[in-house]
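A closer look at the structure
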Amino acid sequence: MGKFLFSVLLLVAGTTSLMSQSIKINYKPGSVSKEELEMDSYPLDTTASAVLLAKTYEVKVSFDQRLSLKRTETVYKRYKVLKDAGKDCADQSLLYLADNRFDESIYGIKVTTYNRENGKTVTSKLSSKLIFKDSFSDKFKKVSFSAPDVRVGSVIEVQYSFTSSLFANVGVLFMQEDYPLNHGKISVEYADYFSFNKFVRGHESFSRTENTENMEVIAFPGVEPLRFAMKEDIFYADDVPAMKKESYCFYPDQARLGVEYELRNVNIPGQYYQNYNTSWEEVDKQFIKDGYVKEFKVKNVLTTRIYPKIEGITDEVKLLEAVRKEVVSAVKWNGNVSMYPDVSKAVKEMTGDSADLCGIMASVLNGIGYTASPVLVKSRSRGVLASFHVAADAFDAVILQITTPSGKVFYTDVASRNAYLNVLPEDYLVEKARVLPISEALGYWVDLRKLSNNSYTQNYVARLSSDGRIEGDVRITTMNEDSRGAKQAFSNAKNEEEFIEQLELSYGAEVSDFSFVGNKEWSPKSVESFKVETTADVAGEYVYIKPFIKQFHSERDFQDPVRRNNIDFSYPDNIRYSFSITFPEDMVVDQLPQSQAIAFDKLRSKAIVKYAPIGDNGVMMTFIYTRVDTLLPAAEYEAVRQYWADLCSIYNATIVLKKK
Amino acid sequence: MRRILTVASLILAMLPASAQDKLDAAINDFSEVFKMDSPTSGTDKVHKSVTVFNEDGLLSASFVAFTDAFRSVGSFSGEVVLANGKKVKLSKKDLSFSSMSLGIADDSYAVYLTPVFNYPFTVTYDYTIEYRDGIVIFPIFQPLLQDNVSLKSASYTLMVPPGTEISEHSVHLDYSFEFDSKRDIHKWTIKDMAPLVDEHLMKLDSDFLPMLYAVPVEFSYGGTKGRQSDWKELGTWLNSIQDKADDLPESEIAKVKELTAGAGSEFETVSRLYSYLKEKTRYVSIQLGIGGYRTLPASHVVKTGFGDCKALSNYMKSMLKVAGIESNYYVIHTDREDFFGNLPSPGQMNHAMLAVPLKENGDTLFVECTNPSFPLGYRHSSCARHEILLLDGEGGQKVRIGGYPDSLSRKTREARIALREDGSAHIDIKDKRMLDYSEALVNFSSRKPEDQVKFLIRDWMLQPENVKIDRISDNFDRYPEYGRDFVPEAEVDFSMESRNYANKNGDRLFFPVNPLAKSFYYQRSERVNRIYRKEAFTLVDDYSVVIPEGYKVESLPADASFESVWGSFKSSVKVDEIDGTILHINQTLVVPCFDEPASEYPSYREFSKKINKLYSAKIVVSKR
């Protein structure tokens, strides 16, 4: 993963200012030209229903007149509506924190629509009565408004400002939107008392300039003014295409053009200095200082209640299974994922989030000679852990690293019922996760992507009758991540009947005698077995049989001709599928599909399919597919797409039998 | 603690263990008492006890109260009892709230709590909802909300001042009445209701689940007064709250006159204004205070260019009035065809539209002002055959919008497939849709190309690439030619490539008869409910496949034709007689409406299997 991030950074550094917007506009508010109003398509994307002609996002982190630190954001957007569907851009809803401590507000909302009527430009301004502010939920307030008089052809200007006392939370400022962007500018202004880490993300590129200006703030008459320099980083981008959804992508915004700011330190000479997590070791120390690690070794009523129940279990794995069972029996997972446990509260309320469950299980284990330490994870669905973003909030979830008395090491997410030891939800299979040792030593990184060997093995033993009926026995054995996936699929169905209906639909066969061993157990293995009945196509003297009743790849996965996001597979694959069929003595093999082997080196993937007769009245087929790597750059898309098509063609194979 | 254990054990003991294994939840007790203090105020007091057996039953155990300008949560307390006897108290501070807004402004909120504990557990709630500033509908009573949940007992008591006239519609409830000097007391009860089994091809849940919908005949609401003893009175009230809503400014009146000047017919006048509506407006929801029933004035739409269904219908009506054409505003429920029995009340509709009678041909246009891309003269699938409350000068009247013959709901795919020796193919398709099938192509050109393609090829077994849309056409503006016989039709011509249309196996090519067809769903389990289909349809697939030069047909599926109460299906594959290189495939499925007993399901299952087999049958061609 590291090399892809590196290339993005290089791209930014090497950007020149040669970019130019394809629609020349004056992006000063109110300067809407006749040409903008009369344009009826966007040349760079003629399918676009609207185009963002201009977007400016100005962020300022500084002192106000009362010397309070504030972050203000001023947003300006100019849309051109090109089709009916593009009218949606006129509706805007903005959320902000309801908690008064953060002093957040949205103000200065100005919305103007421009239309061309009878050769003249007609403007319609949004009345303040049509700006609605209300509560959205316990945590958020909402401002909603909708531009007036919007038609196909309209140009809409939207302006507003936002302020917050959370001055350092600049976060990610996205340039790219779901509409194509003609010209965009992001500026971030901040007093030189602040230092920020900055990270540009996305497949498109910015040009960039920097300015500095000296300032002074006089808070009270007669008091020495506060003097500082204001720095301004300006990012420009022209002709940015619209974002599109793509398959095999955990976090699409990783490819969305934007810039991320993270506060590194505040230094007001002679008055104040605060360094914000300039190294991971500093982050570790802060976690330890805040008592985070202690929350994983809390003695409480539950831990003491569990001890007698596990007494006498000598097998380490069985003991871990027993402890986990006791923990989730006593405290129900509320479905929420978090990083900060509150063990006492969860035990008292008998319900808790993922971190609470980890905290409880670790507390039990740490009291009986095991070592259970928190492992901080940035979920794949939240993006890649940026090397520069050195802060506690870089992570969003916690799992456990457990070292047994004999020295075996396991990683586990206590809350996930379909996972196991060294089997994690795919969202947590990341290259870098940070272990905070329970000993309160400094942390270190671990790679969670290949903790266990996954496998999917399916055997289909079939018998053909002379009337064309095929009866068979299917057994599917899954291990580790594949087992987790199988159990997840089963639990996603409303009940067993619905699951079997789905099987029948995908297999095109009737299913009976279904059993699924292990689906309710916290274990690394599950076994599905069932009988299938289907019919071969019979035409004259020929009988046609499809050896694959399941496809492991679909052309639907990579249907789009182009791709922007890297391809991010869930986990390595190791699939074995075997099929054997016996047929009546009055039939012979007329034609077998070709045995073949294909490979795709860039994913270290290969597929082998072999067909062979079994005596005079049978055929056997084995199919093996492996893929070692999980990440592929978008540049390799066409190659992987062809590989996928080749894989899919394997599944269409047909065995031809002929009546003697 | 001993007492709590006893209670928990009793609750779980109500159901046999086998039933507990299968049920998602059990409603042990649900009692609701609404006490109407005055025409504008009242208190709804609810006691509810639910045992939850798994996470699918959580909906039944959740507390949800909808609040707005007329309702708020008063008191709230609760208790959860776990299987081991432990108990957890719940209070108002445990409640969360979330905006219900789908538009830019809405004063509705959901106040909610979902208990999360290890199963099984029993939760009991006691709460009140305070009503103020008017009561047009009493609290709706729905003790059972989902399938696979049993109901032990439930009751709804409505206490109103003596002589207060009410009307109601109830499903699966027993009724009793008593009174004293201070109250009239209406009571509805139900006991021991078996869980609903959710299956495909069945009527709406609302036809199966117990429900009470009651209203005061005379009411005060948001500073207005009205009566709803019949549809006429209800219409009178709805008319009264829309008073002076047709306030088009002079400039807009002039614009309407300019737009309609010289129109050769009433329809042309309506059509010009409908186009103007499409060009000028869009749907944006604003629901504040009485705004759920009252439209924003026409001047609002003129000023902003947006409004909800009520505001846009009112605006269109106002413009038509200026142009000299009378029209009728009406309200409708877009899912349910029928109103609740003969219960006039405003809360059972969810949409407003406009009826425009044309004197010139005696037809009435049912105009969808919320989406003016719908063809004028077409009664779309969410309004055709539905009951509506039509407002007129006399008040209101309940009428039913006419439907269309079943045979007109039709989709046809004509495809020409040029198969290559490596199994790939070039495919040209003409996708023709009539009536409700054509609705998906309304405003189709405006959709993103990737969304257009996804729509066209969804449900296909085939996964094509390089899909190019060559032509989109329709007859949506041709009402004047057909008048009341107008039926919308739309057509998309598109082409594509397939790398794996056929599988090459030595000298043979294998390909499916109909790779564009969708499998017919049927359930495995024993049928419980009647088998009901409301919409009829016809699907016609007509393909020609040109096989590669030097190949001959080795195997074709046999022709088939069968018919039953579930529909008819015909399948034929013919080889071109001249040189044998072109195959003609025709598969036609006609499915009627039906309402058959559950015992007939095996026959339906067999019908579906036969169709699936014929859709997925294979053709084999081999080198000569």
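Just so it is clear, the structure is predicted and the values come from calculations on it, not from any experiment. One numbering rule holds for all chains: residues counted from 1, following each sequence as written. Chains carry letters and ligands carry numbers; both start at the beginning, A for chains and 1 for ligands, and go up in the order they are written. It should be noted that, the model being predicted, local features are given only for residues of pLDDT at least 70 and side-chain atom pairs only at 80 or more, the latter also being counted only at that level, while totals for whole chains, interfaces and linings use all residues. Excluding hydrogens and water, the side-chain figures rest on all heavy atoms present in the structure.

Before going further, it helps to spend a moment on the sheet that holds strand 2 (residues 69-81) of chain A. Residues and elements named next belong to chain A. What the 8 strands build is an open sheet, ordered 5-4-8-2-1-10-13-12; its pairing is mixed. Every interior strand has two partners, whereas the edge strands, strand 5 (120-125) and strand 12 (207-217), have only one. The sheet shows a mean angle of 15° between the axes of neighbouring strands, taken without regard to direction. Alignment of strand 12 against strand 13 (residues 226-240), held across 11 bridges, turns out to be antiparallel. For glutamate 216, the partnering residue across the bridge sits in strand 13 and is arginine 227. Pairing between strands is defined by DSSP: at least two bridges between the two strands are required. Note on conventions: DSSP H or I runs of at least 4 residues are helices, E runs of at least 2 residues are strands, and numbering of each starts at the N terminus. What counts as an axis is a line fitted to C-alpha atoms, over the stretch in contact for a helix, and the angles between N-to-C directions run from 0 to 180 degrees.

So, about the pattern of salt bridges. Here, a salt bridge means any Lys or Arg side-chain nitrogen found within 4 Å of an Asp or Glu carboxyl oxygen. Under the counting rule described, the total for this entry stands at 83 salt bridges over all chains. Put simply, Glu636(A) and Lys602(A) hold a salt bridge, and the shortest N to O gap is 3.1 Å. With Glu636(A) in the loop between strand 35 (631-632) and helix 10 (637-651) and Lys602(A) in the loop between strand 32 (596-600) and strand 33 (605-613), this residue pair connects regions lying 34 residues apart in the sequence. Here the salt bridges share partners, and the residues they tie into one network are Glu117(A), Asp149(A), Arg151(A), Glu279(B) and Lys280(B).

With 66 residues of chain B at the contact, the number on the chain A side is 72 residues. Taking both sides of the interface into account, the surface hidden between chain B and chain A amounts to around 5600 Å²; carbon and sulfur atoms contribute 44%. The interface formed by chain B and chain A holds 13 salt bridges in total. Note that Arg524(B) and Glu497(A) form a salt bridge whose closest N and O atoms lie 3.5 Å from each other. Polar contacts, as used here, are pairs of N or O atoms within 3.5 Å; protein pairs need one atom able to donate a hydrogen and one able to accept it. Residues neighboring in sequence count only if both atoms are side-chain atoms. Here chain B is connected to chain A by 32 residue pairs in polar contact (both at pLDDT 80 or more). With 4 residues, the single largest contributor to the side of chain B that touches chain A is strand 6 (residues 96-99) of chain B. Any two residues whose heavy atoms approach within 4.5 Å are treated as being in contact. Buried area counts how much accessible surface, traced with a 1.4 Å probe, disappears from two parts once they are put together, with both parts' losses summed.

Right, let's get into the domain arrangement of chain B. Residue and element names in this part refer to chain B. Split by domain assignment, chain B resolves into domain 1 (2-224), domain 2 (231-400) and domain 3 (406-623). When each unit is reduced to the centre of its C-alpha atoms, the spacing between domain 2 and domain 3 is 38 Å. Taken together, the 20 residues of domain 2 in the interface contact 13 residues of domain 3. Together, the buried faces of domain 2 and domain 3 total about 1300 Å²; carbon and sulfur atoms form 53% of this surface. Where domain 2 touches domain 3, the interface holds 1 salt bridge. Residue ranges labeled as domains rest on an automatic or database domain assignment.

What follows is about the packing of aromatic side chains. All names here are of chain A. Pairs were defined over the aromatic rings of Phe, Tyr and Trp, the Trp ring being its six-membered one, requiring ring centres within 6.5 Å. Orientation was assigned from the angle between planes: stacked under 30 degrees, edge-to-face over 60, tilted for the rest. This structure, assessed with the given rule, holds 78 aromatic pairs over all chains. Consider the rings of tryptophan 280 and phenylalanine 395, whose centres lie 5.5 Å apart with planes at 55°: the pair is tilted. One end of the pair, tryptophan 280, is in helix 3 (residues 280-289); the other, phenylalanine 395, is in the loop between strand 18 (371-377) and strand 19 (397-403), and 115 residues separate them in sequence. An identical accessibility class is assigned to tryptophan 280 and phenylalanine 395; each is buried. Ring centres 5.1 Å apart and planes at 70° place the aromatic pair phenylalanine 558 and tryptophan 644 in the edge-to-face group. Of the two residues, phenylalanine 558 sits in the loop between strand 28 (542-545) and strand 29 (567-568) while tryptophan 644 sits in helix 10, which places them 86 residues apart along the sequence. Of the two residues, phenylalanine 558 and tryptophan 644, neither departs from the other in class, the shared state being buried. Relative accessible area decides the class of each residue, using a 1.4 Å probe on protein chains only: under 20% of the type maximum gives buried, over 50% gives exposed, and in between gives partly exposed.

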